[in-house]
Amino acid sequence: MSTTDQTQGELQRIELGIGGMTCASCAARVEKRLNRLAGASASVNYATEKARIFHPPSITVPELIAAVEQAGYSAHEVHAPGASDGGASAAESGAAGQQEEQEQTGPHSLAAMRHRLIISALLSVPVIVLAMVPALQFTNWQWLSLVLAAPVVVWGAAPFHRAAWTNLKHGAATMDTLISMGTSAAFAWSLWALFFGTAGHPGMTHPFSFTLGSADPSGALYLEVAAGVTTFILAGRYFELRARRNAGAALRALLDLGAKDVAIRHGGQEIRRPVSELAVGDEFVVRPGETIATDGQVVEGRSAVDVSMLTGESVPAEVEAGDAVVGASVNVGGRLVVRATRIGADTQLARIAALVEEAQNGKAAVQRLADRISAVFVPIVILIALATLIVWWAVSGEPASAFTAAVAVLIIACPCALGLATPTALLVGTGRGAQLGILIRGPEVLESTRAVDTVVLDKTGTVTTGAMAVRSVHPLAGTSEEEVLRLAGAVEHASEHPIGAAVAREAQERLGELPAVADFENLAGRGVRGAVDGTTVLVGRPSVLTDEGWDVTGLDAAFAQASTGGATVVAVGADGVLRGLIEVGDTVKETSAEAVRMLRGLGLTPVLLTGDNTRAAEQVAAEVGIEEVIAEVLPEEKVNEVRRLQESGRVVAMVGDGVNDAAALATADLGLAMGTGTDAAIEASDITLVRGDLRAATDAVRLSRRTLGTIKGNLFWAFAYNVAAIPVAALGLLNPMIAGAAMAFSSVFVVTNSLRLRGFRSVTR
């Protein structure tokens, strides 16, 4: 089912992938063009490179694509995840495959941009060094600089020139326009000086001075300005593009969780087929360790199913005939036969993937500060440069002086420092973050951290370890804790159930080697039985002892005591008598309470959000110091809870680690994923905490805020240096060489200011 089949009232909905956008103003132009179509309502997201459009049936898809192309960009229809009957694989090979192919081969691909950046940098460095260090200027050095700079300005800056030309055709101007004009003017003046002025004479030197001089402007070269600006801006665009290209990986990570093939039972035989051939009503076999292919109902068998990847529940769910199971969950126990009830886009996995897609596209396109300022700055600079040229020519009658002053205006305003302001701070900040186990996606992430006032914490795997462990042992009269553990651990040592493994591990750690077990029997879904030193031992749900007719005197009181923390209670019996209870549950991480205190210290209100039961959630919340608890929520409800908090006026950060958290992470104003969690959660988040330590969330917020502050400081000084010098240049008091020096100095300041982020220290180290 295509997204065009989804309607909102009488309107149809479609999503288009947009190609060729280089800044947020490009997205605004496409959006404006689409909204001119009668009855159409479009929202273009620069970060995800997609347009979401509601349109009347009278407007066709080709007409929408044509409108985008008329604005100067490319477009293609994309489909919702799991949108075909073939399930996840079809969706994955559809729009995602098409987009990946374009990313790898198109003019804006990462590989192409990286290739362009590397070559431009290699050619630019000698040009910059020769221009700035007069001692290295050998005879005819200027011609070598021309040979090296020409490919950078013509080929390296080609994306800026193309964008500027597109903008010109549509009567618009962006940073690309100023970059193209500045580098082209600097290069054109250098060509004139080399071939028609005195700059090409043998023995010519290029002094580097901050003082105004009376040097002949026909001997001035700006090749280092043209090549350096191009390389610096290319670097910023490359790292921005690399961050944006990861947006679609969340969906691929989600869809990869599903099974690729399935054993369909037909006519008493099992036939292995691709999941895409599975139909509603088909019965399929799931062996221990296999992934359940799709949502369905168990018709045969009993087993434990690990649903933690989808629901966040730490304890595997026991299922038997008649119970529902979810696709992408893992069968960890016995053999199951399942009848398919939902396939493709209807499955829970596909719905979660669609939620992530919806949440990502629903985020407002965050315009970079430089782009917002340039919307006013660029046209003004161009007008000032033209006015300077005309006025000086009219007043002095000397075209060379007029052009010198105009070039000085363009060069002093050329956004070298502006282009460095964001990427240098981002590179240093993210590099320092990587050392501390904090991965920040891009500059748009940082703007959210300053306003965040609420942090929603997933329980399982985030606040807790996500692994089952023995919390306590409750022996009955006449039996010791050690004896209860010895009997239970010996029998559970032969079991593969996660709860049994936790009991056996605890027994081994406390008691050492365990006795051998004879006559082991797995009571599917209920427990295990075996003989230990000639004694019959039964371990499992308390009800299994009752069903077997064993003496369970004292069970009710002991069970009430053991279950107060919301954990799973395992009963241990020997020779027909209940000997004790073992409390098994997810354990709180040692650093979680400290992390919650730190988050409060940053002015954030913590909220615990989990799919686990209320009693278990409240127990964990009390242990770590969280007052607000939201429990027993499904994946879809997690998204709704985040939205509810946002609608109440809060700015929400979300910390999680599971597939069930992916959509909520994408919906939150700031998403932080634990690196120990799933790929889907990591890809849907804005920040990844590699260490799996919740205290890293504190560092992430602090570092993000510090980096954002540095970026804003860089932007201020980048403009302060340039804007202050524009009137001086326009009055003819600034030689273009001094303009280049001032621009270089502002760049040095920006880089130095960014390097201060290397001194950021973690609160945990």
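Residues numbered from 1 in each chain as written. Predicted model: local features only at pLDDT ≥ 70, side-chain atom pairs only at ≥ 80, totals over all residues. Heavy atoms only, no water.

1. What to know about the overall build of the protein chain
Helices and strands together make up the secondary structure of the protein chain, namely 27 helices and 27 strands. Counting across all 765 residues of the protein chain, residues that qualify as buried make up 53%. Summed over its atoms, the accessible surface of the protein chain is roughly 30600 Å², and 57% of this surface lies on carbon and sulfur atoms. (Helix = DSSP H or I, 4+ residues; strand = E, 2+ residues; numbered from the N terminus. Buried < 20%, exposed > 50% of the residue type's maximum accessible area, 1.4 Å probe, protein only. Areas by Shrake-Rupley, 256 points an atom, 1.4 Å probe, with all protein chains shown as cover.)

2. Let's talk about the pairing of strand E8 (residues 283–286)
If a strand is regular, its side chains alternate between the two faces of the sheet. Direction of pairing for strand E6 (residues 261–266) relative to E8: antiparallel, over a ladder of three bridges. By the bridge assignment for E8, Arg-265 is matched with Glu-283. Examined bridge by bridge, E8 and strand E14 (residues 336–342) share four bridges and lie antiparallel to one another. The residue bridging Val-285 from the neighbouring strand is Val-337, located in E14. (Pairing = 2+ DSSP bridges.)

3. Some details on the packing of helix H4 (residues 110–132) against helix H5 (residues 141–156)
At a closest axis distance of 9 Å, the pairing of H4 and H5 adopts a crossing angle of 150 degrees. Considering the angle they form, H4 stands roughly antiparallel to H5. When you trace H4 past H5, the crossing you get is left-handed. Residues His-115, Arg-116, Ile-119, Ser-120, Leu-123, Ser-124, Pro-126, Val-127 and Leu-130 of H4 form the contact with H5, whose participating residues are Trp-141, Leu-144, Ser-145, Leu-148, Ala-149, Pro-151, Val-152, Trp-155 and Gly-156. Classifying every residue of the contact of H4 with H5 by side-chain character gives 12 nonpolar, five polar and one charged. (Axes fitted to C-alpha atoms, helices over the stretch in contact; angles between N-to-C directions. Parallel < 35°, antiparallel > 145°, perpendicular 65-115°, else oblique. Left-handed = near helix turned anticlockwise from the far one by under 90°. Contact = heavy atoms within 4.5 Å. Nonpolar A, V, L, I, M, F, W, Y, C, P; charged D, E, K, R; others polar.)

4. Things to note about the pairing of strand E20 (residues 535–540)
Of all six residues that make up E20, five are buried, and the element is covered over most of its length. Inspection of the sheet shows strand E19 (residues 527–532) paired to E20 by six bridges, in the antiparallel sense. If you follow Val-532 over to E20, its bridge partner there is Thr-535. If you look at the hairpin formed by E19 and E20, you'll find two residues sitting between the two strands, and Asp-533 has a positive phi there, around 55 degrees. Bridge count for E20 against strand E21 (residues 568–574) is four bridges, and the pairing is antiparallel. Along E21, the bridge assignment pairs Gly-540 with Ala-571.

5. Here we look at the UniProt feature "transmembrane region" (unreviewed entry) in the protein chain
The UniProt record marks residues 117–137, 143–165, 177–199, 219–239, 373–395, 401–428, 714–731 and 737–755 with the feature "transmembrane region" (unreviewed entry), using the residue numbering of this structure. Between the end C-alpha atoms of residues 143–165 the distance is 29 Å, and the span holds 96% helix and 0% strand. For residues 177–199, the helix share is 83%, the strand share is 0%, and the end-to-end C-alpha distance is 28 Å. (UniProt positions renumbered as here; feature names shortened; annotations may be inferred.)

6. Thoughts on the side chain of Thr-388
Structurally, Thr-388 can be placed in helix H12 (residues 369–396). Residue Thr-388 is classed as buried on the basis of its relative accessible area, which comes to 5%. Once residues within four sequence positions are removed from consideration, Thr-388 is found in contact with Ala-405, Ala-406, Val-409 and Ala-730.

7. Some remarks on the sheet that holds strand E16 (residues 454–458)
Strand order across the open sheet formed by seven strands is E15-E27-E26-E25-E16-E23-E24, with mixed pairing between neighbours. The open sheet terminates on both sides in strands that have one partner only, identified here as strand E15 (438–440) and strand E24 (628–630). Put simply, the sheet's adjacent strands are angled 20 degrees from each other on average, direction ignored. Relative to the sheet, helix H23 (residues 635–647) contacts E16, strand E23 (605–609), E24 and strand E25 (652–656), its axis offset from that of E25 by approximately 155 degrees.

8. What to know about unusual backbone geometry
Although it is not a glycine, Asn-140 adopts a positive phi angle of roughly 65 degrees. For Asn-140, the position within the fold is in the loop between H4 and H5. For Asn-140, a relative accessible area of 33% corresponds to the partly exposed category.

9. Some remarks on the sheet that holds E6
Strand order in the open sheet made by the six strands is E7-E6-E8-E14-E9-E12, with antiparallel pairing throughout. Looking along the sheet, the strands with just one partner apiece sit at the ends: strand E7 (269–274) and strand E12 (324–325). Inspection of the sheet shows strand E9 (residues 295–300) paired to E14 by five bridges, in the antiparallel sense. The partner of Asp-295 across the bridge, within E14, is Arg-342.

10. Here we look at the packing of aromatic side chains
Within this structure, the stated rule accounts for four aromatic pairs. Ring plane angle 75 degrees and centroid distance 5.4 Å describe the contact between Trp-143 and Phe-195, whose orientation is recorded as edge-to-face. Taken together, the positions of Trp-143 in helix H5 and Phe-195 in helix H7 (residues 175–195) put the pair 52 residues apart, joining distant regions of the chain. Where Trp-189 meets Trp-192, the ring centres are 5.1 Å apart and the plane angle is 45 degrees; that geometry is what we call tilted. Note that Trp-189 and Trp-192 are positioned in helix H7 at a spacing of three residues, about one turn of the helix. In this structure Trp-189 comes out as buried when scored by relative accessible area, which is 2%. The exposure class assigned to Trp-192 is partly exposed, which follows from its relative accessible area of 34%. Members of the aromatic cluster, joined through ring pairs, are Phe-716, Trp-717 and Phe-749. Positioned above the aromatic ring of Trp-155 is the side chain of Arg-116, whose terminal nitrogen or guanidinium carbon lies 4.8 Å from the ring centre. (Phe/Tyr/Trp six-rings, centres within 6.5 Å; stacked < 30°, edge-to-face > 60°. Lys NZ or Arg CZ within 6 Å of the ring centre and 35° of its normal.)

11. Side note on the pattern of salt bridges
Pairing is possible between side chains of opposite charge, provided their charged atoms come close. On inspection of all chains with the given rule, the structure shows 23 salt bridges. Arg-510 is the salt-bridge partner of Glu-506, the closest N and O atoms lying 3.7 Å from each other. Placement of the pair is Glu-506 and Arg-510 together in helix H18 (residues 498–511), with a separation of four residues, close to one helical turn. Among the ionic pairs, Asp-699 bridges to Arg-702, the shortest N-O distance being 3.2 Å. Here Asp-699 pairs with Arg-702, and both are found in helix H26 (residues 695–730), just three residues apart, close to one helical turn. (Salt bridge = Lys/Arg side-chain N within 4 Å of Asp/Glu carboxyl O.)

12. Concerning the nonpolar core
Ranked by internal contacts, the top residues of the largest apolar core, which has 45 residues, are Leu-457, Leu-672, Ile-687 and Leu-689. When residues in this core are grouped by element, the largest group, nine residues, is from H26. Counting contributing residues, this core receives three or more from each of domain 2 (110–245 + 363–425 + 712–757) and domain 4 (442–463 + 589–690). Here Ile-687 is in contact with Ile-438, Leu-439, Ile-440, Val-445, Leu-670, Gly-671, Leu-672, Ala-673, Ala-700 and Ser-704, once residues within four sequence places are set aside. If you look at the next biggest cluster of nonpolar residues, it comprises 33 residues, including Leu-148, Phe-160, Phe-187 and Tyr-222. (Core = buried A, V, L, I, M, F, W, Y, C linked by side-chain atoms within 4.5 Å. Domains from an automatic or database assignment.)

13. Some words on helix H6 (residues 158–169)
Compared with an ideal rise of 1.5 Å per residue, which puts 12 residues at 16 Å, H6 spans 16 Å between its outermost C-alpha atoms and is within 8% of the ideal. Phi turns positive, to about 65 degrees, at Gly-171, one or two residues after H6. (Expected span 1.5 Å × (residues − 1).)

14. Thoughts on a nonpolar patch on the surface
A cluster of nonpolar side chains, namely Val-125, Val-129, Val-133 and Leu-136, defines an oily patch on the protein surface of about 290 Å² accessible area. Looking at where Val-129 falls in the secondary structure, it is placed in helix H4. (Patch = residues over 30% accessible without salt bridge, like charges linked within 9 Å, V, L, I, M, F, W, Y side chains within 5 Å.)

15. Describing the confidence of the model for the protein chain
Looking at the protein chain as a whole, its pLDDT mean stands at 79, while 79% of the residues score no less than 70. The spread of mean pLDDT over the elements of the protein chain runs between helix H3 (residues 88–105), the lowest at 39, and H5, the highest at 95. Note that residues 209–214 has pLDDT below 50 and, in this model, 11 contacts with residues that lie over four places away or in other chains. (pLDDT = per-residue confidence, 0-100.)

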